[in-house]
Structures are given as structure tokens and as C-alpha cells.
Amino acid sequence: MNGDSKWGVLGQYDWSIMAPELTILVFATLLSIIDLLLPKKTDRRIIGVLGLIGVIISLIFTLSNTGTQPASILADMYRLDSFAVAFKAIFLTGVAFAFLMSLGTLDKKDVHYQGEFYYLLLTALLGAMFMASSADLITLFIGLELLSLSSFILVGIRKKHIQSNESAFKYVVIGSISAAVTLYGMSFIYGLTGTTNLYLIAERLGNVYQGGFSYIVYLAFFLMFVGLSFKISAVPNQTWAPDVYQGAPTPVTAFLSVVSKAAGFAIILRIFIIMLSNVIDIDPTTGEMKSLLVDNLGLYIGIVAAASMIIGNTMALRQVNMKRMMAYSGIAQAGYLLVPFATFTVLLFEQTLFYLIAYLFANMGIFAIMALVSKDQGHDEIRGFAGLFQRAPLLAISMTIFLLSLAGIPVTAGFFGKFYIFLSSVARQNYWLAGIMMATSVVSYVYYFGVMKQMFMRTNPNGVNKIKVPPCIGIALVVAVVVTLFAGIFPSQVIDYLHNNFLFENMMQVAEQVVMK
Amino acid sequence: MSGQYIAFFILSLLTISGAIFMISFNRVIHMVVALAFTFLSIAGLFILLEAEFVGLTQIMVYSGGVSVLMLFGIMLTQHSKVERSEQKPALRIFTFAGILAFFVAVFYGIQKTPWSQEAVDYSTQNNVKEIGVQLYNNYVIPFELVSVLLLVALIGGIIMAKKEADDE
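As the structure is a computational prediction, the values presented were derived from the model and not from experiment.

1. Focus on the overall build of chain A
Scanning chain A for helices and strands turns up 18 helices and 5 strands. In terms of C-alpha radius of gyration, chain A reaches 23 Å, essentially the compact-globule figure of 24 Å for 517 residues. Counting only C-alpha atoms, chain A reaches 70 × 60 × 45 Å along its principal axes. In chain A, which comprises 517 residues, the proportion classed as buried is 63%.

2. Brief notes about the overall build of chain B
For chain B, the count of helices and strands is 6 helices and 0 strands. Starting at the N terminus and ending at the C terminus, chain B contains elements arranged as α-α-α-α-α-α. Relative to its 168 residues, chain B shows a buried fraction of 22%. Relative to all contacts within chain B whose residues are 6 or more apart in sequence, the contacts with residues 24 or more apart total 63%. Summed over all atoms, the accessible surface of chain B reaches about 12,600 Å², with 71% contributed by carbon and sulfur.

3. Focus on the pattern of salt bridges
Two side chains of opposite charge can pair, provided their charged atoms sit close to one another. Residue and element names in this part refer to chain A. Going through the model one piece at a time under the given rule, you end up with 12 salt bridges over all chains. D243 serves as the salt-bridge partner of K170, at 2.8 Å between the closest nitrogen and oxygen. Of this pair, K170 sits in helix α6 (residues 162–193) while D243 sits in helix α8 (residues 240–247), and the two are 73 residues apart along the sequence. The network of salt bridges with shared partners includes D76, R79, D81 and R270.

4. Quick look at the confidence of the model for chain A
Averaged over all residues, the pLDDT of chain A equals 89, while 97% of them reach at least 70. Taken element by element, the predicted model of chain A shows its lowest mean pLDDT in strand β5 (residues 512–513) of chain A (64) and its highest in helix α5 (residues 137–155) of chain A (95).

5. What to know about the packing of helix α3 (residues 82–105) of chain A against helix α9 (residues 250–275) of chain A
All names here are of chain A. In contact at an axis separation of 9 Å, α3 and α9 are set at 170 degrees when each is read in the N-to-C sense. On the basis of the axis angle, α3 is roughly antiparallel to α9. In this structure, α3 uses F83, A84, F87, I90, F91, G94, V95, A98, M101, S102 and T105 to contact α9, whose residues at the interface are P251, A254, F255, V259, A262, A263, A266, L269 and R270. Class assignment for the residues of the contact of α3 with α9 results in 16 nonpolar, 3 polar and 1 charged.

6. Re a positive patch on the surface
Together, K40, K41 and K108 of chain A together with K162 of chain B make up a region of like positive charge exposed at the surface. Using a relative accessible area of 46% as the deciding quantity, one classes K162 of chain B as partly exposed.

7. Here we look at the packing of aromatic side chains
Residues and elements named next belong to chain A. In the structure shown here, the tally under the stated rule is 37 aromatic pairs over all chains. With centroids separated by 5.8 Å and ring planes inclined at 15 degrees, the aromatic side chains of F415 and F419 adopt a geometry described as stacked. Here F415 pairs with F419, and both are found in helix α15 (residues 413–427), just 4 residues apart, close to one helical turn. Ring plane angle 80 degrees and centroid distance 6.2 Å describe the contact between Y497 and F502, whose orientation is recorded as edge-to-face. Members of the aromatic cluster, each reached through a chain of ring pairs, are Y209, Y218, F221, F222, F225, F272 and Y300.

8. Quick look at the nonpolar core
If you look at the biggest cluster of nonpolar residues, it comprises 202 residues, and the most contacted ones within it are F91, I271, F272, L276 and F341 of chain A. Setting aside residues up to four positions removed in sequence, F341 of chain A forms contacts with F225, I268, L269, F272, I273, L293, I301 and L348 of chain A.

9. Describing helix α17 (residues 471–489) of chain A
All names here are of chain A. The terminal C-alpha atoms of α17, which comprises 19 residues, lie 27 Å apart, in line with the 27 Å expected from a rise of 1.5 Å per residue. Of all the residues in α17, the buried ones are C472, I473, G474, A476, L477, A480, V481, T484, A487 and G488. Of the surrounding elements, those touching the buried residues of α17 are α3, α12 (348–377), α14 (393–407), α15 and α18 (491–501).

10. Considerations on the domain arrangement of chain B
In terms of domain boundaries, chain B breaks down into domain 1 (1–78) and domain 2 (127–168). Summarising the inter-unit geometry, the C-alpha centres of domain 1 of chain B and domain 2 of chain B are found 24 Å apart.

11. Section: α6 of chain A
For α6 of chain A, with 32 residues, the first-to-last C-alpha span of 47 Å sits near the 46 Å given by 1.5 Å per residue. Downstream of α6 of chain A by a residue or two, G194 of chain A has a phi angle that is positive, lying close to 75 degrees.

12. Some points on empty space enclosed by the protein
Regions of empty space are outlined by a rolling probe, equal in size to a water molecule, passed over the atoms. All names here are of chain A. Under the defined criterion, the tally for this structure stands at 2 cavities of 30 Å³ or more. Considering only enclosed or pocket space, the largest cavity measures out at about 60 Å³ in volume. Taken together, L144, E145, S148, G175, S178, A179, T182, G227, L228, F230 and K231 form the lining of the largest cavity. For the lining of the largest cavity, the secondary structure elements donating two or more residues are α5, α6 and α7 (198–232). Classifying every residue of the lining of the largest cavity by side-chain character gives 4 nonpolar, 5 polar and 2 charged. Each pocket or cavity is described by its volume, and for the second largest cavity that value is around 30 Å³.

About the thresholds
Residues numbered from 1 in each chain as written. Chains lettered and ligands numbered in written order. Predicted model: local features only at pLDDT ≥ 70, side-chain atom pairs only at ≥ 80, totals over all residues. Heavy atoms only, no water. Helix = DSSP H or I, 4+ residues; strand = E, 2+ residues; numbered from the N terminus. Rg over C-alpha atoms; globule rule 2.2 N^0.38 Å. Buried < 20%, exposed > 50% of the residue type's maximum accessible area, 1.4 Å probe, protein only. Contact = heavy atoms within 4.5 Å. Areas by Shrake-Rupley, 256 points an atom, 1.4 Å probe, with all protein chains shown as cover. Salt bridge = Lys/Arg side-chain N within 4 Å of Asp/Glu carboxyl O. pLDDT = per-residue confidence, 0-100. Axes fitted to C-alpha atoms, helices over the stretch in contact; angles between N-to-C directions. Parallel < 35°, antiparallel > 145°, perpendicular 65-115°, else oblique. Nonpolar A, V, L, I, M, F, W, Y, C, P; charged D, E, K, R; others polar. Patch = residues over 30% accessible without salt bridge, like charges linked within 9 Å, V, L, I, M, F, W, Y side chains within 5 Å. Lys, Arg positive; Asp, Glu negative; His and termini not counted. Charge placed at Lys NZ, Arg CZ, Asp CG, Glu CD. Phe/Tyr/Trp six-rings, centres within 6.5 Å; stacked < 30°, edge-to-face > 60°. Core = buried A, V, L, I, M, F, W, Y, C linked by side-chain atoms within 4.5 Å. Expected span 1.5 Å × (residues − 1). Domains from an automatic or database assignment. 1 Å grid on protein atoms, 1.4 Å probe; cavity = no way out; pocket = protein on both sides within 12 Å on 5 of 7 lines; lining within 4 Å. Points joined across faces, edges and corners; volume = space filled by probe spheres on them.

And the structure:
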């Protein structure tokens, strides 16, 4: 009926499935105009509050799509499936936390451009959301760049802070190089298959691989994987993390460590799982058929995971700065999160999601408390946590819960997250990876417990004055504690929910092109 | 040896030598000139491959825009000799070994792969028209996303470059 509208083909699609992205886009543009029109003296937190409302509206739109059939616009240029919904929900929650944190602790003297700060967070979020819900290399890459570019500026937004300038510069240089490497890998794939649509690539790549181009397929995989490892701060590309985390304002650090990293995992899983799904390696001597991704590349991904766990956890031991410690801890966590991908099972999606949820709430909680403590102390050193139990017992107890969750101690979400990942590694008889995972987890107890030792057993030389908790940070902490404990005590409920509502097969299904009725 | 081959040889030589001179020159102004050579030769390579639209865009965006922008940058900043910090020899060797290994890996791959010998003929198609149709139909979502990206770059550039008035 709408076939001959003046919009042509574009008028035939049901654009309402894009509502979460459009909400964020509208809010980001509106906020930039409001920021322009507001008088200079007005408190810019009003923009933050409006941004938070936008994020929540978008989250409602996203969650209302849970469990629907996959749908797409313009041949998977935009794709809505359970994979996209799950990851977008994680990004939106993470950004909501970053907003609460900024509203509570951001200092006008420190960050001069408060209005810009909030809508750059929104554009970064928009990029992340497109990284999760597209099946086309071009859209995915532009989403990646939008996220990167916004985060470059957010990292360097403390202009009078020399460390912030340095870290922004490092981030730009390493980010651009890794983007170039990713793009170089993608160009090989485009050259081999003649398309950027992931499903068409998957169809054609199997034949291409058999037709003597296997070396180029490997080369493209490694280039793309190395380039994308920048976003998840896994081993070949992890060096930027400590400096950048240290220089960025704390809410931005939290954003980078959770949302940016989750977006990296979204794009890695989406591209490689679909792209290589049909590529089968036939052993020339025995004629045995193997899946390239599951059987051959798993080893290399496992090596990257193991190296990230080892380097992250051992380097974290030596840190005295809390942000640097969390950066190395984040590198190690990226290693854990790669384990389900390396030991590919049908449970991959649930394992990754469960672990990401545990990681999201624990990390966000830690950064929120850190933001309060470093604002109170004037520095980010671990010794600033000394005597936190006497000064603010509730903060100290919630901090302990988050640290235990990251370390993977029972009764917290982190324990079951690690346990599920560990199980799949053992089930695939990948004992060396499981062993490294165990050993490095034990190492990680040392530095996580080091923070607890400061909180409970040391007294602060600056006295025992109480720390005032702003209400928005209080809300964030309560939510984070409740989810961490709930997912730790009733993990099967969470897993069942994920299993029933976010089907993994959904990602591979051909989506119907939504057409307006 | 066809004319195309000779043109390819000259253009690729200019591209590579421009890039090498770019990093080995000491004065910023010389670097920009070397870089402009690289950009122009890449545009030539595109035209050789019958991608004339990309070639012209390359000239407009890079050779024109970026080079002029860089010249402005030089004029507005100090343009004394760039001081080079001496690298540690171990680091140099390590970097060189990494680059060499990467080159060998890619070169081996290109030599080993049985590329199709027939050249694809696109001369009957109207490149510019096809690109326009694709861009505003199939690729309209990334196209719009790029406009957000440019907006972010613009805002970011202003934030980074603006001198703050301390009267607040």
C-alpha cells in the first residue's frame, strides 16, 4: 500500500523498531540545543537529569522488545534480535549508572564543559548501541568510531589536568591505529566476498575458504581480532588502559570499563560468530571436518584470554593507584570473558551475558564509591580507602560485596559468572585454560583483599569525618548491591530468564524485513 | 609491459616514498609536502582502478582539505624543528622485527593465494550514480550515523581547542 510513497523504498520499513536509538539521538540533539539556550549561570546538572530520563525511556523501549522475533531494516543494516536487545540493555544500564555518578560527583572546576559532557556520553552510547544491533560491517564500524570518538573527547575533558591531556592523546593514537588495523582486516573480507552484509559473507566465505583463500581468511581474522581487542582491552592492545583510566574523570572511567568493553564484546561476538559460521576446515590427510571458529581459532582466542588474565592479574598486584588497579583488573576480566568464546559451547551467550551483568554492577558500584572517596581525599590512591569502615560503614560493606563479586567469591554474582565459564572450559576439555583461570583468580584475591584490608584494618590519617553520600549515588549503590546479591543467591532464576528470553539461535535466523501494514 | 603497469609502478613508488619521507623529515612543512605526495599518488591509484569517484574524493578531502588544514596548523603553532628523542636500540630492533614479521606474513599470503587472473570490468557502470543510489537507499543508516559522528568531532574539536575565559 505504501509501495509508491514519495519516500520510495525507505517508506516501506517499520522504523519504530529503532525507537531506542532514535530516543537517544533525539535526546542528544535536544540537549545540545538546550545547553546552548540556557543562561551561563544555570546549573548544568539539569541536562544530566534530562539525559538520564532519555536513557531510561530508551531502556524501556529496549526491554519491551525482549523475546520478539528478529526483525531488520534495509537488509540487516539495522537488526533487532535477542543478542542486540540484551547488549543494549547492558549498555543503557551502564550509562544510567555513569549519569548517576556524574550527577553526584562531577565538579564544575574539574570539568568545565558539563553540558557537553552529558550529551557526549549519549552519543557514545548511540555508537555502542549500533555496534550491538547491526549485521553490516559498515554500520558496525561507524558505530565503533562514534563510540571511540566520543570517548576520546570524554577522556580529555579535564583540560587543566595534565594527566587527562596525556591519556586522551594516548587513547587517540592507539585507538586510531587499532581502527585502521580492524578496517584492514575487514577490507580483506570485503574483497573475498564482495559484500559487507554479515549473513551474505557467511554464505560466501565457506566456499572462498575452500577455494584456496584460507590464508587470507586467517589473516583477516587476526587483523580484525587484534584491532577489536583495543575496545575490550585484551592483550595485544591493553597498554592504553591504565593511563587512560587514570587520566579520565571517574564516571568516564566507569563508562570505559563497562559500556565500552561490553560494546567491544558485542561487536566481536557478532562479527566472528556470524561471519565464520559456515567456514569448515577439512583436514587434508584424514578428511575430518572441523569448524574453523570452534575448533581451530579457539586455541588462539584461548591464548589471548590466558595472556590477558596473567598480565592483568599480576600487574594489578603492584598498583598503588585505585584506577590503575581497576584497569589491570579490567584486563583480567576481559580475559575471563573471552574464555566462553574460546571454548565455544551452546551456552556461550548466557555465560557471557551473566558474567557481563555481574561485572557491570560490581564495577559500577566500585567506581561510584571510588568517585566519592577520591573527591573526599583529593587523590585516587588505594590508601585513600583507609578507615572507610569507621567513616562510612555502609559504603565499606557495599564496596566489600562488589570486590568479592569481582574476585569471584560465593554468594555474589561474580562467583556464578566465573563458575559457568569455568564449567564450559572443563566440558570442552580445555584444562589448561581452566587451570590458568583458577590460578589467576587466586592471584586476584591478593589485590582485591588489599583494598578491604585498607577499609577495615587501617585508620585514616586525615581523621574519621563521615562521608556524605549524595542521593543519586545512594540509589546507584542500592541497585548495584541488590542485583549483585540477588544474582549470587538465585543464579538459576537469572540464568533461566536469560535462557528463555534471549535465544542464541535468534542471532543466526534470517530476520523478516519489517514492512508497514 | 603495459602503460597501466608503468603508471602503477610510479604511483606506488611515490606513495611509499612519500610515507617514508613523512616520518623521516625533521621539519613539519617538509612532512606535509611528503604527505601530500602520498595522498595524491593514492588518488592516482584509485583512478587507475577505475574508481574515479573515490580518487576525486581523495584529492578533495585529503590532498586539499587535510593538507591545507595542516598548513594552517603549522602557521598557527611553532614550526621550529621537531625534536627527536633518541629511541632505545632494543626497542628499535623489536619494532623493526614486528614490522618485518607482519610484512612477511602479508607478502607470503598474497604470493600464495591463487588470485583470479581476470580483471573485473566496471567500465559500463556509472560509478557516481551507483554510489549515490546505494548511499541514500541501502546505506542510509550508516550515512546518518556519520553525520552524528561529524557533529561529535566538531563539538569535540571546539572543546579541545577553545581557550577558556576564567571570568566565571
